[in-house]
Amino acid sequence: MAKERLKVVVTRALPEQVETRMKELFDVELNHTDEKMDKAALVKAMQRADVLVPCVTDRIDAGMLGQAGERLKLIANYGAGVDHIDVITAQNRGILVSNTPDVVTEDTADMAMALMLAVTRRIPEGQAAMQSGIWEGWAPTAFLGQRLTGKRLGILGMGRVGRALARRARAFGLSVHYHNRTRLRPETEAVFEATWWDSLDQMLSRVDILSINCPHTPATYHQINARRLKLMKPTAVIVNTSRGEVIDENALTRGLRAGEIGGAGLDVFEHGHQINPRLRELPNVVLLPHMGSATLEGRIEMGEKVMLNIRTFADGHRPPDMVVPAML
């Protein structure tokens, strides 16, 4: 395949710099309208491509892969998460899957920190008062929030983003606690002065802020459910910049409305862009449109990762960011 330019189909519009470079390297089909492809369009794209470049909005299941035909050999995902792709079926059909790890780590950790501040210091409420013109000046009891310094932060998922968040949290005077499938090495824990909890339930009952930083897998689906939400302090704040499916969104909404949870900052949602309308009504909830990795630098670096994976594959080698089922 290295002797010919690969046919690459890109499902969404990418930054101009990335698209320009792709046109130089590959026989690329771009999506200039940025219109989301439906299931049928994705299947047709897989049938005419050597390489498909999807993103998180493109769900690729076993049935679709079964219709892909023999031409498709690589799915070079534009993003780190691959829970929208049936990786096992792809592998069984001889289709490699790659992703773009690392490049969005710092941006996502920044957003998690921003959401913590926004919720605990009631920044959106203050902004709304200013924009509406109702503010009549400073008052001793107006817009009282919570101080971060001295609070306990619980991190669910101490991977790349979790560790990047821990660095920021320590600078803000937060004590770091975490729950992970495996405990970090002692020297790594020492860097963050982090406390490991083997029991997620026990950690949840003790922290003031919970940050979701684990991937969506069958094991983490609704890991934060109604029972676990009731373990948390009524003043606790939950932040999610990872995957919406980790939280039972209906249970969270009920807890927030009942005053059993202090607040939430959400960048991702259980059902994609279909958000529980009751969440929008709550003043102690900050909702963002999946902006965690939305920096120009990050999106360009994601494109560079995609192109590196494709070029390495075209040269007959394993893509450097190849995903295998054992990693999931």
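In every chain, residue numbers begin from 1 and rise along the written sequence. A pLDDT threshold of at least 70 governs which residues receive local features in this predicted model, and a stricter bar of 80 or more applies before side-chain atom pairs are shown or counted, although totals over entire chains, interfaces and linings include all residues. Only hydrogens and water are set aside; all other atoms, that is, all heavy atoms of the structure, feed into the side-chain values.

## Quick look at the side chain of histidine 84
Link 1 in the chain: By secondary structure assignment, the location of histidine 84 is in the loop between strand E4 (74-76) and helix H4 (87-92).
Link 2 in the chain: For histidine 84, the side chain forms a polar contact with the main-chain oxygen of cysteine 55, separated by 3.1 Å.
Link 3 in the chain: In this analysis, two residues are considered to be in contact whenever any of their non-hydrogen atoms come within 4.5 Å of each other. Residues in contact with histidine 84, not counting those within four places in the same chain, are Cys55, Val56, Asp58, Arg59, Ile60 and Asn77. The secondary structure listing takes helices from DSSP runs of H or I that are at least 4 residues long and strands from runs of E that are at least 2 residues long, numbered from the N terminus. In protein, a polar contact requires one atom able to donate a hydrogen and another able to accept it; more generally it is a pair of N or O atoms within 3.5 Å, and residues adjacent in sequence count only if both atoms are side-chain atoms.

## Quick word on the environment of arginine 71
Link 1 in the chain: Following the sequence through the fold, arginine 71 ends up in the loop between helix H3 (62-66) and E4.
Link 2 in the chain: For arginine 71 and valine 51, which are 20 residues apart along the polypeptide, the C-alpha to C-alpha distance reads 8.6 Å.
Link 3 in the chain: Other than its neighbours up to four places away in sequence, arginine 71 contacts Lys7, Gln47, Arg48, Ala49 and Asp50.
Link 4 in the chain: Within the local environment of arginine 71, its side chain forms a polar contact with the side chain of aspartate 50, the two groups lying 3.1 Å apart.

## Describing helix H13 (residues 296-314)
Residues spaced three or four apart along an α-helix point in a common direction, a consequence of the helix completing one turn every 3.6 residues.
Link 1 in the chain: Over its 19 residues, H13 runs 27 Å from end to end, which matches the ideal 27 Å to within 8%, given 1.5 Å per residue.
Link 2 in the chain: Check the buried side of H13 and you find it contacts strand E1 (7-10), helix H1 (16-25), strand E3 (51-53), E4, strand E5 (96-98) and helix H5 (105-120).
Link 3 in the chain: Trailing H13 by a residue or two, glycine 316 shows a phi angle of about 90°, which is positive. The span you would expect from a helix comes to 1.5 Å times its residue count less one.

## Regarding a nonpolar patch on the surface
Link 1 in the chain: Patches draw on residues past 30% relative accessible area with no salt bridge. Two like charges within 9 Å are joined, as are two nonpolar side chains (Val, Leu, Ile, Met, Phe, Trp, Tyr) within 5 Å. The Shrake-Rupley method, run with a 1.4 Å probe sphere, supplies the accessible areas, and residue values consider only the shown protein chains as cover. For salt bridges, the criterion is a side-chain nitrogen of Lys or Arg within 4 Å of an Asp or Glu carboxyl oxygen. On the surface, Met130, Trp135, Trp138 and Phe143 cluster together into a nonpolar patch covering about 540 Å² of accessible area.
Link 2 in the chain: Checked against the element boundaries, methionine 130 lands in helix H6 (residues 123-132).

## Observations concerning the pattern of salt bridges
Link 1 in the chain: Under the criterion given, the structure shown has 21 salt bridges.
Link 2 in the chain: With a shortest N-O distance of 3.4 Å, glutamate 29 and lysine 7 are connected by a salt bridge. Taken together, the residues glutamate 29 in strand E2 (residues 27-29) and lysine 7 in strand E1 connect sequence positions 22 residues apart.
Link 3 in the chain: Buried means the residue's accessible area, taken with a 1.4 Å probe over protein chains only, is under 20% of the maximum for its type, while exposed means over 50%, and partly exposed covers the values in between. The exposure class of glutamate 29 is partly exposed, given its relative accessible area of 24%.

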